Structures are given as C-alpha cells and as structure tokens.
Amino acid sequence: AAVTSALELSGLLHLAEKPLRHRIGLAYVRLLFGGLLVVAEGISVSALSGPVVALRHGDAPRALFTPCALAVGAVDAGGADEVSEARLLGPPSQLLLLGTMTWGSQNTDEEAAAQLNLAWERGVNFLDTAEIYPIPVNKERQGATDRAIAKWLRTSGRPRDDVVIASKVAGYNERFTWLRGGPTRVTREQIVASVDASLARLGVDHLDLLQIHWPDRYVPMFGSRAYDCSKERDGAVSFSEQARAMGELVASGKVRAWGLSNETPLGVAEFIAAAKHEGAPPPVSVQNAYSLLDRADEAGLVEVLRHHDVGYLPYSPLSAGVLTGKYDALKAPPVASRLALFDGYYERYMKTCAPECVDCYRSAAAVHDLSPAALAIAFCDSRPFVTSTIIGATSTEQLEANLQGFGVDWTDELEAEVQRVHMFYPDPWRMTVRDGG
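Residues numbered from 1 in each chain as written. Predicted model: local features only at pLDDT ≥ 70, side-chain atom pairs only at ≥ 80, totals over all residues. Heavy atoms only, no water.

**Q** Please provide a residue-by-residue account of the overall build of the protein chain, values included.
**A** If you tally the helices and strands in the protein chain, you get 13 helices and 13 strands. Each of the 437 residues in the protein chain was classed as buried or not, and the buried ones make up 52%. Relative to all contacts within the protein chain whose residues are 6 or more apart in sequence, the contacts with residues 24 or more apart total 73%. (Helix = DSSP H or I, 4+ residues; strand = E, 2+ residues; numbered from the N terminus. Buried < 20%, exposed > 50% of the residue type's maximum accessible area, 1.4 Å probe, protein only. Contact = heavy atoms within 4.5 Å.)

Okay, structure coming up:
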C-alpha cells in the first residue's frame, strides 16, 4: 500500500533504471534527510531523482529535494516500524558530499573542474558551497568558488538535475562590512539577498539546500567552546523570522530545502518549533564539524537530530588535513596548507595533544592496512547518525585518496581501536578557526 500511494503521488517518485550492484528484496530506502519508503520486492534501485516523497512512519508525505545518498536494508516481517540497521548496497560514493571552499584561492577554476569531473565520474552528485567561499574569507575573492562551479556547469554539459547544490548564507559577522552592506545578519531581507546573489553567481534558478552558515545569535564557535555569558548580544534575529524567510524561499521555488550549520542543540530545537509555528518546512539537516578529533556533537546534538529526524552532515572529517598525518614531525606547516593559511593555526595545533592523538590513529590505520585519511573518513561514514560526510581536497590525488574512505568495511576491531584512542584523548583539539569556513 505504501508503494502504491507513493507511485500515485503525481509522479513525484522516480526510480533510476541503472541497477545497484546488489539486488534487493523487500527493503527500505533511507532518504538523504531521513524518512522511510517501502519499495516492492525485487526492485533494483540505484538513485532517486527529482522531488522525492518520504513516507515517514505513517505521517503525511513530505516533499524533499533530490537526495545523493540512499541506504538500503531489510525490513522485518513486522513492518516498516521495525527496521534493521541501514547498510549501503551499491557505490559508496552515493553517500558523499563534495566540499568546495578552496576553489578560487588554493585551487584554480581548472583544478576545480578536474575535481568535479573526477567526483562525478565516481558517482558523486552533491556539492556544498557558500556565499563567502573561498577561504580564507576576504572581499576580493568572495564568490570565486560559486563562479568556478558555474563555469564547470556551463562547460561540462552536466544537466542541472544531475548536480545537487547546497549553499550557505553567512551568519552574524560585524567585520563583513563589504558583504550585503554589512554587517552580515540572518534577517529575512539579507537571506533573500544572499540567495539571489548566489543564484546569479552559480547561473542556476534554484538551490537544492540552503543552510544558515552560522547563527545570528551568539554561540561559542571558531576556536571557543565554553559559553561566555558576557558575549551575549541583544537584538538577535528571531528564530521565527529566519524560519519564515526560509519557508517563503521554499514556496517561491528558489530553494528546495533548508538546513543549519555550526548549530547547537538549542538552535535546532528552536528552529524546528519556529518552523512549525510559522507553517514553514522544518530544517532537514545540520552541517557541523565532526571527526576523530572533534566528537563534541555526540554529547547532545545527536539526540536532538535523531528525535526530530534531521540529517547530520559532518564537515572537516580530516580536521583541516591533520588526520592525514602530513604535519607529523614538521617544524613548520607546508606552504599553502590549511594550517599555514591562518595566523597562529599551526602553533595552536602543536600546543595541544592532537599531534600525539593523530599518531595513535595513524598507527591504528596501519594495523588495519588503511591510510590515515581512509580511517578518518570511514569513521565518520560508519556513525549511525551521519547522513553524508563532506570531503574536500586541493588536488585530484587527494580526492582519490579520500574517496577510498567510503569503501572501508567498518569492523568491530576498528571500532575498538578508535574507542581505545578516544578514551586516552577524548577532546584533543578544537579545529575550527576564525574565517576558516
């Protein structure tokens, strides 16, 4: 009955013809941002395209934008409410988001195009940009990442429907006086202005996902973890105004869905409540820093996301590249590396216990015949609360190496190794940095 209902909803459900490497029986498909869809016995599924209807445990169907990620698993005889753990059947790259924030600074347009071509050849169809990119953020280069993507879209011949685009509107920043008339705020007017400018730079008529890059209100971030009451600000843009603006953009067709980034459990819960009150669609995702070196979100945010069926998109799974081991035994960071681009970043890193922690993870990776990067990315991808892991690179060689992390069979032995290191180094390094994206 669920299948019939879905197929009758004005053709909103589309199943691609190209089959997975594994054929499935009675199974469920977990869409990119949650939800269940029961599919008929014997169907071969590889991807979903176009608007997608998610049948959510008997709730009314909710339209989501095109997912890049799907997971398939068996459904118990008891029905869709008794679902076993989701396991990916098919190309691992279906669970992959490509980050873009070096394009226009560390990478030329041609290098960006080479990365995009490689990624799409490997089955990636989802990229993540932002109005402030590339990083480090400055007035002269702002928007260069979007323009590189637009150039690739024009020259590659890729249909727009084959490229899922996520972008981000900058949060409160008193120093960005040169962007949207500054300082940047998350008011209705500035959100709309940001989207219109992003669409113009990208040369597209809609964004598949719009995210609030960081909150308008004060929250501890970009190097700080403790909440400082003295930094609270009056006049923060209300959750209701932001949710209402997002609802208007979705209704207009300029945005298909919206989400959050660098957000807290309080923020997620407040936005969900505000969206409900305003009659707007709820946020579908949260993009936060998460890695072997930064697991803070496990303590509170994960519970909120699971309870409200919100997707989790971890960025920086390699913690600014340090989990590759490339900074080991160096007295100075490599030229043009992330830790060299920001004043004091490398020095801060070396004063923590993170180098010793990275060395432990590197040893663990070697025991299991993995590269350090593959271990770090596979760790994120193996978490049951992770929807899709964002990876980035400054070369096609790095991208190839990162892609290998999605083909790792995460075993009990690997989990035990990681947890053993984590017990010794539970919080080795806060990796976010001012103007770092």
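**Q** Describe in detail helix α5 (residues 239-252), supporting the description with residues and values.
**A** The end-to-end C-alpha separation of α5 is 20 Å, in line with the 20 Å expected for 14 residues at 1.5 Å each. Along α5, the residues classified as buried are F239, Q242, A243, A245, M246, G247 and L249. Packed against the buried residues of α5 are α4 (188-202), β9 (209-212), β10 (258-261) and α6 (265-278). Phi turns positive one or two residues past the end of α5, at G253, with a value near 90°. (Expected span 1.5 Å × (residues − 1).)

**Q** Before we move on, could you go through the nonpolar core and cite the residues and values that matter?
**A** Membership of the largest hydrophobic core comes to 80 residues, with the highest contact counts inside it found for W120, L210, L293, Y361 and L375. Here the element with the most residues in this core is helix α11 (residues 372-382); it accounts for seven residues. Listed in part, the 12 residues of the second largest apolar core include M101, I135, A170 and F176. (Core = buried A, V, L, I, M, F, W, Y, C linked by side-chain atoms within 4.5 Å.)

**Q** Provide a residue-level description of the packing of helix α3 (residues 144-156) against α4, including the pertinent values.
**A** Running from N to C, α3 and α4 point in directions that differ by 45°, and their axes come no closer than 7 Å. The orientation of α3 relative to α4 falls into the category oblique. Residues D146, R147, I149, A150 and L153 of α3 lie in contact with α4, whose contacting residues are S198, R201 and L202. A breakdown of the residues in the contact of α3 with α4 according to their chemical character gives four nonpolar, one polar and three charged. (Axes fitted to C-alpha atoms, helices over the stretch in contact; angles between N-to-C directions. Parallel < 35°, antiparallel > 145°, perpendicular 65-115°, else oblique. Nonpolar A, V, L, I, M, F, W, Y, C, P; charged D, E, K, R; others polar.)

**Q** I'd like to hear about the pattern of salt bridges, residue by residue, with values.
**A** This structure, assessed with the given rule, holds 16 salt bridges. Two residues, D146 and R201, come together in a salt bridge whose shortest N-O distance is 3.0 Å. Of this pair, D146 sits in helix α3 while R201 sits in helix α4, placing them 55 residues apart in sequence. By relative accessible area, R201 is classed as buried at 17%. (Salt bridge = Lys/Arg side-chain N within 4 Å of Asp/Glu carboxyl O.)

**Q** Tell me about the packing of aromatic side chains, residues and numbers included.
**A** Each aromatic ring pair is described using two quantities: the centre-to-centre distance and the angle formed by the ring planes. Tallied over the entire structure, the rule returns 11 aromatic pairs. For the pair F176 and W214, a centre-to-centre distance of 6.3 Å together with 70° between the ring planes defines the contact as edge-to-face. With F176 in the loop between β8 (164-169) and α4 and W214 in the loop between β9 and α5, this residue pair connects regions lying 38 residues apart in the sequence. In terms of burial, F176 and W214 fall into one category: buried. When the centroid spacing of 5.8 Å and the interplanar angle of 75° are considered together, the rings of Y290 and Y312 count as edge-to-face. Linking Y290 in the loop between β11 (285-287) and α7 (301-308) with Y312 in strand β12 (residues 311-312), this pair joins segments that are 22 residues apart in sequence. The class for Y290 is buried, based on a relative accessible area of 0%. (Phe/Tyr/Trp six-rings, centres within 6.5 Å; stacked < 30°, edge-to-face > 60°.)

**Q** How would you explain α4 if you had to name every residue and give the values?
**A** Taking 1.5 Å per residue as the helical rise, α4 with its 15 residues ought to reach 21 Å, and the 21 Å between its terminal C-alpha atoms agrees with that figure. Taken together, the buried positions of α4 are occupied by Q190, I191, S194, V195, S198, L199, R201 and L202. Buried residues in α4, looked at end-on, bunch into an arc of 165°, giving them a common side. Facing away from the buried side of α4 by more than 90 degrees, the exposed set consists of E189 and A200. In the core, the buried residues of α4 are packed alongside α3, β8, β9 and α5. Downstream of α4 by a residue or two, G203 has a phi angle that is positive, lying close to 70°. (Arc of directions from axis to C-beta.)

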